Amino acid sequence: MLRLSRNDIEDIAESVLRDYTKQSAGKSIPIDIDGFTRQHLGLQVQYRRLSDDGSVLGLTAYRDVQVKLTYTDRIVTVSVSEDSILIDDTLHRERRGRFTIAHECAHQLLACSEERRTGTSFRKAFKPGKVYSPCELKSARDWSEWQANALGAALLMPKFELLQILHREFWMPKFTMYGTRFNSWDYEAVKDLADRFEVSITSMSLRLKGLGFIDLKPESEYRDPLDIFCDGEGA
């Protein structure tokens, strides 16, 4: 299995986005994740209900496969074509949907990187005619979810653009998170960044934390004269 460092992941994201920017006349942020997925990576994005309980939000197919989707009252087998991404239709036009697409794109990019390094086709892991569950698809591709999350975040929140904004407008700050919440000033600043990149506050918080811009302190040390703001958004 491909094991990448955080720097490796940043390098992959920077390289891919640089190539995409050369081909795209659009603005760099927020990234047009649909255009990036369809036009640059050549992947098809389809929306349909993948689960009743939100346990399956997205999946990727590397070759033509049959996927078994389990609902509370029925089991449905659907055909998914090669190089397709399925996204749960509850996420259509939501920020969580953008991150889910980026996450699935990351799986494809990681798989291609593994193939270049090893010379072994990742598509051979899938058997023609077999019906896969979403969990089996994850097992078959055998890529780390952490790596896909990190690469997906780097695609949606490019390091260079984010650092430029932090340096120009916030003078390279250190935001403070007390347990799971910010004080009011930091909350508004992080929310502003999340809005610019069209991601959730949780996603932006994790990205800033990964880049070293968040200090973590116990909730008991919270100090703020204004109201407490909690981040209740999902990634």
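Notes on the structure follow.

Reading the values: the criteria
Residues numbered from 1 in each chain as written. Predicted model: local features only at pLDDT ≥ 70, side-chain atom pairs only at ≥ 80, totals over all residues. Heavy atoms only, no water. Helix = DSSP H or I, 4+ residues; strand = E, 2+ residues; numbered from the N terminus. Contact = heavy atoms within 4.5 Å. Areas by Shrake-Rupley, 256 points an atom, 1.4 Å probe, with all protein chains shown as cover. Buried < 20%, exposed > 50% of the residue type's maximum accessible area, 1.4 Å probe, protein only. Axes fitted to C-alpha atoms, helices over the stretch in contact; angles between N-to-C directions. Parallel < 35°, antiparallel > 145°, perpendicular 65-115°, else oblique. Nonpolar A, V, L, I, M, F, W, Y, C, P; charged D, E, K, R; others polar. Salt bridge = Lys/Arg side-chain N within 4 Å of Asp/Glu carboxyl O. Phe/Tyr/Trp six-rings, centres within 6.5 Å; stacked < 30°, edge-to-face > 60°. Lys NZ or Arg CZ within 6 Å of the ring centre and 35° of its normal. Polar contact = N/O pair within 3.5 Å; in protein donor to acceptor, adjacent residues only side chain to side chain. Core = buried A, V, L, I, M, F, W, Y, C linked by side-chain atoms within 4.5 Å.

A tally of regular secondary structure across the protein gives eight helices and ten strands. Of all intrachain contacts in the protein linking residues separated by at least 6 positions in sequence, the fraction that spans at least 24 positions is 70%. Accessible area for the protein stands at about 12,200 Å²; split by element, carbon and sulfur atoms hold 48% of it.

What follows deals with helix α8 (residues 201–210). With seven of its ten residues buried, α8 lies for the most part within the structure. Of the positions making up α8, those classed as buried are Ile201, Thr202, Ser203, Met204, Ser205, Arg207 and Leu208. Positive backbone phi, at 85°, marks glycine 212, one or two positions downstream of α8.

It is worth spelling out unusual backbone geometry at this point. The phi torsion at arginine 93 lies on the positive side, around 65°, for a residue other than glycine. Summarising the element assignment, arginine 93 is placed in the loop between β5 (84–88) and α3 (95–118).

Running from N to C, helix α1 (residues 6–23) and helix α2 (residues 33–40) cross one another at 90°; their axes reach a closest spacing of 11 Å. By the angle class used here, α1 and α2 are roughly perpendicular. Taking contact as the criterion, the partners of Val16, Leu17, Asp19, Tyr20 and Gln23 in α1 are, on α2, Gly35, Phe36 and His40. In terms of residue class, the contact of α1 with α2 is built from four nonpolar, three polar and one charged.

This part is about the pattern of salt bridges. Under the criterion given, the structure shown has twelve salt bridges. Notably, a salt bridge pairs aspartate 73 with arginine 74, separated by 3.0 Å at the nearest N-O pair.

Take the packing of aromatic side chains next. This model, assessed by the stated rule, comprises five aromatic pairs. Aromatic pair tyrosine 20 and phenylalanine 36: ring centres 5.2 Å apart, planes at 85°, arrangement edge-to-face. Of this pair, tyrosine 20 sits in helix α1 while phenylalanine 36 sits in helix α2; the two residues are 16 residues apart in sequence, bridging distant segments of the chain. Ring plane angle 70° and centroid distance 6.2 Å describe the contact between phenylalanine 170 and phenylalanine 175, whose orientation is recorded as edge-to-face. A relative accessible area of 13% means that phenylalanine 170 is categorised as buried. We classify phenylalanine 175 as buried; its relative accessible area is 0%. Counting every residue linked through ring pairs, the aromatic cluster contains Phe170, Phe175 and Trp185. We note arginine 74 situated over the ring of tyrosine 71; from NZ or CZ to the ring centre the distance is 4.3 Å.

This brings us to the environment of arginine 74. In this fold, arginine 74 is placed in the loop between β3 (65–70) and β4 (75–80). When its relative accessible area of 43% is taken as the criterion, arginine 74 is described as partly exposed. A distance of 3.0 Å separates the side chain of arginine 74 from the side chain of aspartate 73, its partner in a polar contact.

Counting residues in hydrophobic clusters, the biggest one holds 50 residues, and the most contacted among them are Leu151, Phe175, Leu193, Met204 and Leu208. Excluding its chain neighbours within four sequence positions, the residues that come into contact with phenylalanine 175 are Leu166, Phe182, Trp185, Asp186, Ala189, Val190, Leu193, Leu208, Phe213, Ile214 and Asp215. Of all hydrophobic cores here, the second largest spans twelve residues; its members include Val56, Val65, Val80 and Leu86.

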